[in-house]
Amino acid sequence: MRVFSLLATLAASATVVLAATVQYDFSVDWVQANPDGDYDRTFIGINGEWPPPPIKCNIHDRVIVNVTNNLGNEPTAIHFHGLFMNGTNAMDGPAFVTQCPVPAGNNIIYNFTVDQPGMYWYHSHYGGQYPDGLRAPFIVYDPDEPFAGQYDEDTYLSVSDYYHQSIPWLTANKFLTLTNPTGGEPIPDAALFNNSQNIKFKVEPNKTYKIRIVNMGALVSQYIWFEGHDFKIVEVDGIYVEPTDASMIYITVAQRYTILLTTKNSTDTNYPMIASFDTTMLDHVPNSLVWNVTGWLTYDENAAFPEPAMIDQYDFYDDFNLVPVEKEQPYEPDYQVSVSVKMNNLGDGVNYAFFNDISYVAPDVPALYTVMSSGNLSTDATVYGANTHTYVLGYQEVVEIVLNNLDKGTHPFHLHGHTFQVVERSPAAPDANTYLTYDSANPGTVNEYPMRRDTVYVRPNGYFVLRFKTDNPGVWFFHCHIEWHLEQGLALVLVEAPLEIQSRQVIPEDHYAACKAGGYAYEGNAAGNTVNLLDLSGEKLQPKPLPAGFTARGIVAMVFSCISAFAGMGFITWYGLSDLKSTELEVAEALGEPLDDSDESK
Amino acid sequence: MTISELFDVSVFFILFRETLEASIIISVLLAFLKQGVGNANEDLTVYRKLVRQVWFGALLGFSICLVLGGICVAAWYRLGKDVWSASEDIWESVFCIIAGFIISYMGLAMLRLNKMKGKWRHKIADALADRDGRNTIGSFSSKYAMAILPFVTVLRESIEAIVFIGGVTLSASPKSVPLSVVAGILCGSALGYFIYQGGNHMSIQVFLIFSTCFLYLVAASLMSRGVWYFENYEWSQLVGGDIAEVGSGPGSYDIRRSVWHVNCCNPLFDGGWMIFNALLGWQNSATYGSILMYNFYWIAIIITVCVMLYRENPGYFPIITKYQNVASDEIDLTLPPSVAGSSARTSEESDLIVIDPSSSRYGDPNPYGVGSSSSHMPSIIDDINIGSAPSSATTSLETNRASLESIQDVDANSDPLGASMLTSA
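Calculation criteria
- Each chain carries its own residue numbering, running from 1 in the written order of its sequence.
- Here chains are named by letter from A upward and ligands by number from 1 upward, in the order in which they appear as written.
- This being a predicted model, a pLDDT of at least 70 is required before a residue's local features are given, and a value of 80 or more before pairs of side-chain atoms are given or counted; all residues contribute to the totals for chains, interfaces and linings.
- Each side-chain value is derived from all of the structure's non-hydrogen atoms; neither hydrogens nor water enter the calculation.
- The numbering of helices and of strands both runs from the N terminus, where a helix is a DSSP run of H or I of at least 4 residues and a strand a run of E of at least 2.
- Burial classification: accessible surface area is computed with a 1.4 Å probe over protein chains only, and a residue below 20% of its type maximum counts as buried, one above 50% as exposed, and the rest as partly exposed.
- Every residue pair with non-hydrogen atoms within 4.5 Å of one another is taken to be in contact.
- Calculation of accessible area relied on Shrake-Rupley with a 1.4 Å probe; when residues are assessed, cover is drawn exclusively from the protein chains displayed.
- Here Asp and Glu are counted as negative and Lys and Arg as positive; His is not counted, and neither are the chain ends.
- A charged residue contributes its charge at one atom only: NZ of Lys, CZ of Arg, CG of Asp or CD of Glu.
- When DSSP locates at least two bridges between a pair of strands, those strands are taken to pair.
- Like-charged residues within 9 Å of one another, or nonpolar side chains (Val, Leu, Ile, Met, Phe, Trp, Tyr) within 5 Å, are grouped into patches, provided each residue has over 30% relative accessible area and no salt bridge.
- For salt bridges, the criterion is a side-chain nitrogen of Lys or Arg within 4 Å of an Asp or Glu carboxyl oxygen.
- For our purposes a nonpolar core is just a set of buried Ala, Val, Leu, Ile, Met, Phe, Trp, Tyr and Cys residues, chained together by side-chain atoms within 4.5 Å.
- In this analysis an axis means a line fitted to C-alpha atoms, helices contributing only their contacting stretch, and an angle means the value between N-to-C directions, from 0 to 180 degrees.
- pLDDT is a per-residue confidence score from the predictor, ranging from 0 to 100.

As a further point, take the overall build of chain A. Tallying secondary structure elements over chain A gives 7 helices and 30 strands in all. Seen through its principal axes, chain A has C-alpha atoms that stretch 135 × 70 × 55 Å. Here chain A, with 602 residues, has 59% of them falling under the buried criterion. Within chain A, counting contacts between residues at least 6 apart in sequence, those at least 24 apart form 79% of the total. Accessible surface, chain A as shown: approximately 22,300 Å² in total, 51% of it carbon and sulfur. Separation between the mean location of the 30 positive side-chain charges and that of the 72 negative ones in chain A comes to 6 Å.

Printed below as a string of structure tokens:
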């Protein structure tokens, strides 16, 4: 069970905080729950409970999360979303990037210090596992926050889409299958507020609430608004921003917003608060889908709980214009990573997602382990495998990621280990056949102090440009946070300052033990080759492309069809011509009685 | 709107063929009249009256059938489209195959134009003879015999056409019916008139061969498309959505069944390729099923043609079986009474040949046209023949079947004779 340090319980108190150690012992296991009242299903819970408990700590605390996988039938791995893990890359969590999956029955310890304030979350980073329940907020209290003293209560609110079926089942039967050639993502069955519905969010009049909002869903972004209440945005993804008035936010999967909301003077009525799916991200909207979830700012339990009012349009605040409190002008890039997002089918008929025609396939050896076992060759991207789409970055440089979205969907992209400046972001292209792509000679709007965060969306057929400093040696995943798209391979790997990692970081023994227990390779290049690191034979690759047009069998089929058609017409012609002949024959018969006679007389 | 939405080859073909048949009926009747009462020393007013009766009867029958057909097709669409729209692909598949069978069934008979003409001469002669025997039943029927006969026969044949069109048009757009019907009737009448006037037998036959080849191309494509639509239906069931959404690209087809696939030229979306699809069975995404169907269809046609040729004249093939002799023994060589209403009835074959204006010019002296029809060709012609009169056969068939030598003799002898007959025409 949880062991809180003394100071951690005094979280919100604005006093001097000494670094403490916060330890959580997590037993990951299956738990029955029914959050929407419609369907009883098994979730991945922690310590016999679902939803899993939030992790709470103060800034500069050391957090130790001791995870035992008691699922029995699935491995797991836990990622602490948004935390930099500076110096402790091995604690970041994504399977096959910084660690091996932890097999059932095994244990792993995540041990790191938290030097960032604000709202984060932790979730499984093995396969598409977290929407099965293994996700919860991770709250870091900061006594020195810029808006300290401006609120009365510190609370949080999670939103999520929700599936009745398990993710492995949906993936195998409905998603990554030949019969889903369009790559249509499974449609969620419901929307949840704090892992429930129709919640009563108790408030008192004339108070200011700090509400940390996180979208822990798998797929859809959500619009969130509080009827009759405007609010101030003060923090996004752990970055304090100048307080900004807003009446609605648009929060993609994995993003966080912290708002200050001041309640009204009276307790006459309660006010609906609504989270509403961005239905444009759904492949289709079934009639049965209720894509809003409602709760109430509850002033008085006995007052009315009105139905939410219809709204004409989603008038949300564009996060691009937020200004960080810690102001930095756009960095000057030293190195550019330019990728295009595409969705397409490969030779097995399944729809995959691509960065520059590469669909991420996890290597045999986690990339961090390859860094640790490849010596000076760790700076050669080859050793990480062709299909991991790895870029090796230098130390203390500014890297620019240009992402052109050639897909007609909105995608939230997340970079591990960093926040980045969102230097440019285009709107959605006006129509499906137009593409807005980045042109450095003709830049779009660039704010003086670009907004920074760790998860940012790109609009349909649009683009964005991100910049960050490579001041955090480690292997960092950059991927679409739509869990389905990650499964489709919409990811790449940034190996940042590998030689620095080798010299300064150590992978703990219990992490290696998980590899050994699961039979995973943990040394050598992506293919597990420890002798010749540049020999990638046997590495995991994406399926071959679909055959293009006329292959040999197509040509053979076409030729045979032509031959049989001509042969058939030849026979028909023969048949037709024989009518002429038989007619002539009849003429002869009719006129030539003697012929018959002579025949008979023979 | 594309051409293929306004014109349907199958409908055109059925109308063309039925009109051709109707025009042959009329031409045969007119020929009888001409030889019977149209002679110079007969009363020309009676002749003209009877000719008018023929035209009146035929046109009345034909127009009634057009109205009936129109109603049927309209009702078909109105009722049908609702029922079938739910799973359009599976019905598309079924109708394509029905249409393919209908065309296949009718097509080869076109190449036996003489047989068709002979059939009608035979039937009309029979009918007239029957009516003679029942002369007392009513003066109306005797008075208007020349109208009733074409009326009834045209109507009867046309109902068959309506049924066929009903089957074929299910896979076509309703908009395509009117133009195809009009064009089919015009072309059929034109060819009928050409035949009546005694056009070159050779060029008529060449024309028919060309159009038959073309029609079997259409039929092969219909069969292939039937299978394709069925597979498409299965795929859309599997995918569980509207696969037209993905256009021609990946996901619009089942890769497990794909023989070739090009991301363009989709006949479902592109007008030009739509026509290519209707005529030649083009698919931008060919499946094993559709390719095999196409090839097996042609193989089946080749086998059918061989069987039919063999039955008509085993001499074409080196292998001879004896089982067919049985049928020929039963053939009645007596010719039915030929012409009613003529004062001097002639039952002599040779007389008819000489005075038949419609046939003599291109050398068809056989008024009953049954020279080779004792074969059991799977066609409506035979069905009707069997029902209306005992099969007649010329002596040629008898002799042909007698022995291999005699067949070869006849073949060898017939050529010069036939050629001389044609040149003398």
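Next, the rest of the story.
Let us look at the pairing of strand β16 (residues 248–251) of chain A. Residues and elements named next belong to chain A. Of the two faces of β16, the one holding M248 and Y250 and the one holding I249 and I251 are both buried throughout. Relative to β16, strand β13 (residues 222–226) runs antiparallel, the two sharing 4 bridges. Residue pairing for β16: Q222 is matched across the bridge by I251.

Residue and element names in this part refer to chain B. On the surface, a cluster of nonpolar side chains totalling about 510 Å² of accessible area is made up of F56, L60, I64, L68, I159 and V163. Among the elements of the structure, α3 (44–85) and α7 (145–169) are those that each provide at least two residues to the nonpolar patch. If you tally residues by element for the nonpolar patch, the top one is α3, at 4 residues. On the secondary structure map, L60 appears in helix α3.

The subject of this paragraph is the nonpolar core. One recurring pattern in soluble globular proteins is that nonpolar side chains are buried together. Within the largest apolar cluster, 109 residues are counted, with the highest numbers of intra-cluster contacts made by A:F80, A:F138 and A:F226. In terms of residues, this core owes the most to one element, strand β18 (residues 271–277) of chain A, which gives 5 residues. What A:F226 contacts, discounting residues up to four positions off in sequence, is A:L157, A:I211, A:I213, A:F231, A:S247, A:I259, A:L261, A:P272, A:M273 and A:L297. Core analysis: the next-biggest nonpolar cluster, separate from the first, contains 67 residues, B:I14, B:C96, B:W228 and B:L309 among them.

Before going further, it helps to examine the sheet that holds strand β9 (residues 153–162) of chain A. Residue and element names in this part refer to chain A. In space, the 6 strands of this open sheet follow the order β10-β9-β12-β17-β14-β15, with mixed pairing throughout. Of all the strands in the sheet, just β10 (190–193) and β15 (239–246) have a single pairing partner and so form its edges. Taken over all neighbouring pairs, the strand axes of this sheet differ in orientation by 20° on average, direction set aside.

If a residue is not glycine, its phi is most likely negative; likewise, a peptide bond is most likely trans. All names here are of chain A. Here the residue pair W50 and P51 is connected by a cis peptide bond, since its omega of 5° sits within 30 degrees of zero. Position of P51 relative to the elements: it lies in the loop between β2 (41–46) and β3 (55–58). Unusually for a residue other than glycine, A254 sits at a positive phi of about 80°. With respect to the helices and strands, A254 occurs in the loop between β16 and β17 (256–262). The backbone of Q396 shows a phi angle near 55°, a positive value even though the residue is not glycine. Within the secondary structure, Q396 is located in the loop between β22 (390–393) and β23 (398–405).

Take the confidence of the model for chain A next. Of all residues in chain A, 93% have pLDDT values of 70 or greater, and the mean over the chain is 91. This model gives residues 1–17 of chain A a pLDDT under 50, and the stretch forms 23 contacts once residues within four places in sequence are excluded.

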